[in-house]
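Chain by chain, the residues run as shown.
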Amino acid sequence: MAGQDEITSHYAIEGLLDRMLGSLGVSDRSPGSLPAASLRAVDEFHINGAEATERLIPELRVAPGGRVLDLGSGVGGPARHVAEATAAEVTGIELTPVFRDVAEALSVIAGLDGRTRFVLGSATELPFDAGSFDAAMLFHVGMNIADKAAVMAEAARVLRPGGRFVVYEVMRLGEGQPAFPVPWASGPGASFLETPLTYRRLAEAAGFEVIALESRAEAAKAFFARMRAALEAAKAEGRPQPPGLGSLLGAEAPAKIANMIAALADGVIAPVELILERAATDPAPA
Ligand SMILES: C[S@@+](CC[C@H](N)C(=O)[O-])C[C@H]1O[C@@H](n2cnc3c(N)ncnc32)[C@H](O)[C@@H]1O
């Protein structure tokens with residue numbers, strides 16, 4: 001897959017679990033010792049964090065005991081959030097080994113290891129049977145994947161007829177590229193931004209119906225403004241910085257965030273929600 005080593009080394013962070021728990025001041029790692037909600041400031045690796053997940057959970061249309069697939073599950077925050085909010089069983093598939101391992105460890109500490117599992121692999125080639133999930137999600141992963149047609153085809157294959165695919169991605173809205181590094185890539189070799197129109201075309205070609213498509217640019221700007229105000233207030237009052245995504249962003253975190261905010265302000269990128277539904281019946285055999 002294009003840029004795979006570049007992607008996994010971009011995300012590989014030494015001592016990630018220690019850094020994340022340290023930023024929360026957590027020392028007890030015993031199973032079930034920490035509510036999943038107390039990890040949300042540090043384990044939801046996308047714009048608008050837990051708030052964005054909260055907003056999209058109802059779009060999954062999943063019932064208790066349902067099976068949800070999280071493509072590019074990172075350190076497992078969104079998967080745990082969905083598992084808790086819906087009582088579904090969530091499987092994450094994740095390319096970066098360190099993230100998969102941290103996702104497993106955090107689910108044990110949060111007492112959710114019975115309801116989440118994390119598999120190493122690629123969203124472009126899913127090791128799951130056809131029709132084996134009721135819903136699927138893809139949050140801030142497509143920008144690392146050149147072959148988005150494969151992701152759409154694989155999501156359609158593993159969903160049951162009528163299943164929802166909830167996509168929340170940083171997409172390209174204007175000409176040009178963001179300056180690098182950005183949170184998802186150290187350089188252009190790992191960044192594959194596409195337009196909402198392309199996502200829509202590829203989804204429809206894979207057999208999805210588009211239920212909704214909405215830019216969240218303004219919500220993202222408000223999110224970054226709040227983040228900045230909280231950091232400045234803490235600094236002015238001599239308090240420690242509030243916990244955030246610093247551990248996940250790793251080296252050059254301030255430059256990654258600044259470049260992303262600049263590209264958002266310039267209208268080059270925006271996070272976009274795309275709600276898809278697989279046809280309610282399987283196509284008749286040819
Ligand atoms: C910005 S993080 C988002 C993680 C998670 N979805 C979240 O919102 O917290 C992007 C993640 O996608 C993963 N990723 C990139 N390409 C992938 C692929 N082809 N298959 C599976 N995961 C992939 C990365 O390793 C990383 O964990």
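Residues numbered from 1 in each chain as written. Predicted model: local features only at pLDDT ≥ 70, side-chain atom pairs only at ≥ 80, totals over all residues.

Visitor: Lay out the nonpolar core with the relevant residues and their values.
Guide: Note on soluble globular proteins: their nonpolar side chains tend to be buried together. Membership of the largest hydrophobic core comes to 79 residues, with the highest contact counts inside it found for Val68, Leu71, Ala136 and Ala155. The leading source of residues in this core is strand β5 (residues 159-172), at seven residues. (Core = buried A, V, L, I, M, F, W, Y, C linked by C-beta atoms within 7 Å. Buried ≥ 20, exposed ≤ 12 C-beta atoms within 10 Å, placed from the backbone. Helix = DSSP H or I, 4+ residues; strand = E, 2+ residues; numbered from the N terminus.)

Visitor: Describe the pairing of β5, listing the residues and the values that go with them.
Guide: In terms of burial, β5 is a largely internal element, 11 of the 14 residues being buried. In this sheet, β5 lies alongside strand β4 (residues 133-139) in parallel orientation, the contact comprising six bridges. Within the sheet, the bridge partner assigned to phenylalanine 133 lies in β5 and is leucine 159. Bridge count between β5 and strand β7 (residues 269-278): nine bridges; the pairing is antiparallel. Within β7, the position partnered with phenylalanine 165 by the bridge is leucine 276. (Pairing = 2+ DSSP bridges.)

Visitor: An account of the sheet that holds β4 is requested, with residue identities and associated values reported.
Guide: Taken in spatial order, the seven strands make up an open sheet running β3-β2-β1-β4-β5-β7-β6, and their pairing is mixed. Two strands bound the open sheet, and with one partner strand each, they are β3 (116-120) and β6 (208-215). Along the sheet, successive strands turn relative to each other by an average axial angle of 15°, direction set aside. The strands touched by helix α5 (residues 77-86) are β1 (67-71), β2 (89-94), β3 and β4; relative to β2, the strand with the most contacts, the crossing angle is about 170°. (Axes fitted to C-alpha atoms, helices over the stretch in contact; angles between N-to-C directions. Contact = placed C-beta atoms within 7 Å.)

Visitor: Could you give an account of the site of the ligand, naming the residues involved and the relevant values?
Guide: Taken together, 24 residues surround the ligand, and among them Phe45, Gly72, Gly74, Leu95 and Thr96 come closest. At the level of secondary structure, the elements contributing two or more residues to the shell around the ligand comprise α1 (4-11), α5 and β2. (Near = placed C-beta within 6 Å.)

Visitor: Lay out unusual backbone geometry in plain terms, naming residues and giving numbers.
Guide: For the bond running from phenylalanine 180 to proline 181, omega is 5°, close enough to zero to count as cis. Here proline 181 lies in the loop between β5 and α8 (196-205). Non-glycine residue arginine 61 carries a positive phi angle of around 50°. Assessed through the 17 C-beta atoms surrounding it within 10 Å, arginine 61 is described here as partly exposed. Although it is not a glycine, histidine 140 sits at a positive phi angle of roughly 55°. Secondary-structure assignment places histidine 140 in the loop between β4 and α7 (148-158). Look at histidine 140 and you get buried, because 21 C-beta atoms sit within 10 Å.

Visitor: Any chance you could break down the environment of histidine 81 for me, citing the residues and the numbers?
Guide: Following the sequence through the fold, histidine 81 ends up in helix α5. Separated by 31 residues in sequence, histidine 81 and leucine 112 place their C-alpha atoms 10.0 Å apart.

Visitor: Give a detailed account of the pairing of β2, specifying residues and quantitative values.
Guide: Along β2, six of the six residues are buried, which leaves the element largely enclosed by surrounding structure. In β2, alternate side chains face the same way, and those of Glu89, Thr91 and Ile93 on one face and Val90, Gly92 and Glu94 on the other are all buried. In terms of strand pairing, β1 meets β2 through five bridges, oriented parallel. Residue pairing across strands places leucine 71 opposite isoleucine 93, the latter belonging to β2. With five bridges connecting them, β2 and β3 associate as parallel partners. From the neighbouring strand, glutamate 94 faces β3, where its bridge partner is leucine 120.

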